[in-house]
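Report on the structure
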Amino acid sequence: MSKIRVAVIGAGARGMSFGESLRRDDMELVAVVDLNPVRIETFKKRFKFENVIATSDYHDILDKIDAAIVTTPDYAHTDIVVDLLNSGKSVFCEKPMATTTKDCQKMIYAQKQTGGILCIGFVLRFTWYFRQVKQILDSGIIGKVQTISQKEILHYKHAGSYYRRWHRKKDNSGDLIMTKSCHDLDLMNWFAESRPTAVSAFASRKYFTPDKKGADFCSQCSKKDKCLFVYTSGNPLYSDDENKNPTQYGLDMCVFNEDSDINDSYNAIIRYENGIQASYELVPLSNKKGRTVYIVGDKGDLYGDMHDNTISVSIYSDGSTIEYKAKDNDMGNHGGGDPIILDSFIKAIKGEQVQAASGEDGMYSTALAEAMRVSSEKRKIVNIAELFDPNM
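Rules used throughout
- Residues numbered from 1 in each chain as written.
- Predicted model: local features only at pLDDT ≥ 70, side-chain atom pairs only at ≥ 80, totals over all residues.
- Heavy atoms only, no water.
- Helix = DSSP H or I, 4+ residues; strand = E, 2+ residues; numbered from the N terminus.
- Rg over C-alpha atoms; globule rule 2.2 N^0.38 Å.
- Buried < 20%, exposed > 50% of the residue type's maximum accessible area, 1.4 Å probe, protein only.
- Contact = heavy atoms within 4.5 Å.
- Areas by Shrake-Rupley, 256 points an atom, 1.4 Å probe, with all protein chains shown as cover.
- Lys, Arg positive; Asp, Glu negative; His and termini not counted.
- Charge placed at Lys NZ, Arg CZ, Asp CG, Glu CD.
- Pairing = 2+ DSSP bridges.
- Axes fitted to C-alpha atoms, helices over the stretch in contact; angles between N-to-C directions.
- Salt bridge = Lys/Arg side-chain N within 4 Å of Asp/Glu carboxyl O.
- Core = buried A, V, L, I, M, F, W, Y, C linked by side-chain atoms within 4.5 Å.
- Parallel < 35°, antiparallel > 145°, perpendicular 65-115°, else oblique.
- Left-handed = near helix turned anticlockwise from the far one by under 90°.
- Nonpolar A, V, L, I, M, F, W, Y, C, P; charged D, E, K, R; others polar.

1. Considering the overall build of the chain
A tally of helices and strands in the chain yields 12 helices and 15 strands. Taking 392 residues into account, the globule formula puts the C-alpha radius of gyration at 21 Å, and the chain, at 21 Å, falls close to it. Principal-axis analysis of the C-alpha atoms gives the chain an extent of 60 × 60 × 50 Å. For the chain, with 392 residues in total, the buried portion stands at 57%. Within the chain, counting contacts between residues at least 6 apart in sequence, those at least 24 apart form 71% of the total. As displayed, the chain has an accessible area near 17200 Å², and 48% of this comes from carbon and sulfur atoms. In the chain, which carries 50 positive and 53 negative side-chain charges, the distance between the mean positions of the two groups comes to 3 Å.

Right under this line is the structure:
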């Protein structure tokens, strides 16, 4: 088979993070697409892809590619992915798949009509840590899963960054629970091996509020020397000009701005078709960072801490404990998952492997996050079926 011709659509931070992984013997990067020409040139120069096509319109290169990696902002995924699938292209779509369940349905409809490949960027499935958790569950050592509890803890600076980027608007990102936690919600669905049916959730915005604002931008703020969230330049995923002039590009916007409307904490409980009950908590303010998972089975339980790369399994019958720990070479960007998920996508195109994160997986993660948002806004239990278009 000749080399698979690929385009990256969206040369922002997530598109940039795939840069080094795009050098493969079986793949050729032929185009980079972005509305911002500075980002395209930065991508080309940083990863030495000087000869690729640069364009602001993906329609210009549809006849020159076999596949595309879509890493645009979340709200822009649907139309691009549908167009690509209808043009016969294989598509890797960054998570979340879309910001509404109905938009996910549109993408899956296009995929089914064309028979194309649609892979969703749930990179955490490909990390050593979560692959190990899944292997332990599949082994049956803790028996039949009864309950799942997961928590994501964000370092305060990481959390704050969402309030100065495009993610700060629900219309763009679907809320923090969608844009940040869709990874975790997909994992919960994967571990449960079932579809969620009902959700109850509470959300709030208690910390990142406008009453704390000192100025529109950090460069203009008299409080910046004492602020926990003062912007620091030098992000390797940004262009030289963006790093030199962050205010010009809006990069150092105050995290306490009036323009954001996303929540900053979530607590939810979930019911699955197979009877499993689960809980999820998003913690936005900590000096720590990481993800924890606690899964109770009828023969034993599992506790894991991704930050420490440790997993502990306890067996009820004899009181024994089994410890697992990742090796250094198991780690890397996104816990080592980025090059592996790209490899899975390319192998799926070549027919060598079944894709590990499908459009259906993406849709049920989006549905779970959307249900949490709706539940928190309407103060009611949300049945997942309410979010689907029954005519699709």
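2. Some thoughts on the sheet that holds strand β14 (residues 321-325)
The strand order across the open sheet formed by nine strands is β14-β13-β12-β11-β7-β10-β9-β8-β15, and the pairing between neighbours is mixed. In the strand order of this sheet, the two ends are held by β14 and β15 (382-383), each with one partner. Where helix α5 (residues 128-139) meets the sheet, its contacts fall on β7 (145-153), β11 (290-297), β12 (300-305), β13 (310-315) and β14, and the angle it forms with β13 comes to roughly 15°. Its contacts with the sheet place helix α12 (residues 359-378) against β8 (196-204), β9 (265-272), β10 (277-283) and β15, and it is angled at close to 50° to β8.

3. A short note on the pattern of salt bridges
In total, this model carries 29 salt bridges according to the counting rule given. In this structure, Asp 63 engages Lys 64 in a salt bridge whose closest nitrogen and oxygen atoms are separated by 3.3 Å. Here Asp 361 ties to Arg 125 by a salt bridge, and the two come within 3.5 Å at their closest N and O atoms. Taken together, the residues Asp 361 in helix α12 and Arg 125 in the loop between β6 (118-121) and α5 connect sequence positions 236 residues apart. Looking at Arg 125, the relative accessible area reads 7%, which means it is buried. One salt-bridge network, in which partners are shared between bridges, spans Arg 24, Asp 26, Asp 343, Lys 347, Lys 350 and Glu 352.

4. Section: the environment of His 155
Note that His 155 resides in the loop between β7 and α6 (156-161). When its relative accessible area of 22% is taken as the criterion, His 155 is described as partly exposed. For the pair formed by His 155 and Asn 287, sequence separation is 132 residues and the distance between their alpha carbons is 5.4 Å. Not counting residues up to four positions away in its chain, the partners in contact with His 155 are Pro 284, Ser 286, Asn 287, Lys 288 and Lys 289.

5. Regarding the nonpolar core
Residues Leu 84, Leu 118, Ile 148, Phe 191, Ile 270, Ile 295 and Met 372 are the most contacted members of the largest nonpolar core, which totals 90 residues. Broken down by element, the residue count for this core peaks at eight residues, all from α12. In contact with Ile 295, not counting residues within four places along its chain, are Val 133, Leu 137, Ile 142, Val 145, Thr 147, Ile 148, Phe 191, Gly 300, Asp 301 and Leu 302. Core analysis: the next-biggest nonpolar cluster, separate from the first, contains 28 residues, Ile 40, Phe 43, Ile 117 and Leu 342 among them.

6. Remarks on the packing of helix α9 (residues 182-192) against α12
Between α9 and α12, whose axes approach to 9 Å, the crossing angle comes to 115°. When the axes of α9 and α12 are compared, the pair comes out roughly perpendicular. Crossing angle aside, the handedness with which α9 passes α12 is right-handed. In this structure, α9 uses Cys 182, Leu 185, Asp 186 and Asn 189 to contact α12, whose residues at the interface are Asp 361, Tyr 364, Ser 365, Leu 368, Ala 369 and Met 372. Considered class by class, the residues forming the contact of α9 with α12 number six nonpolar, two polar and two charged.

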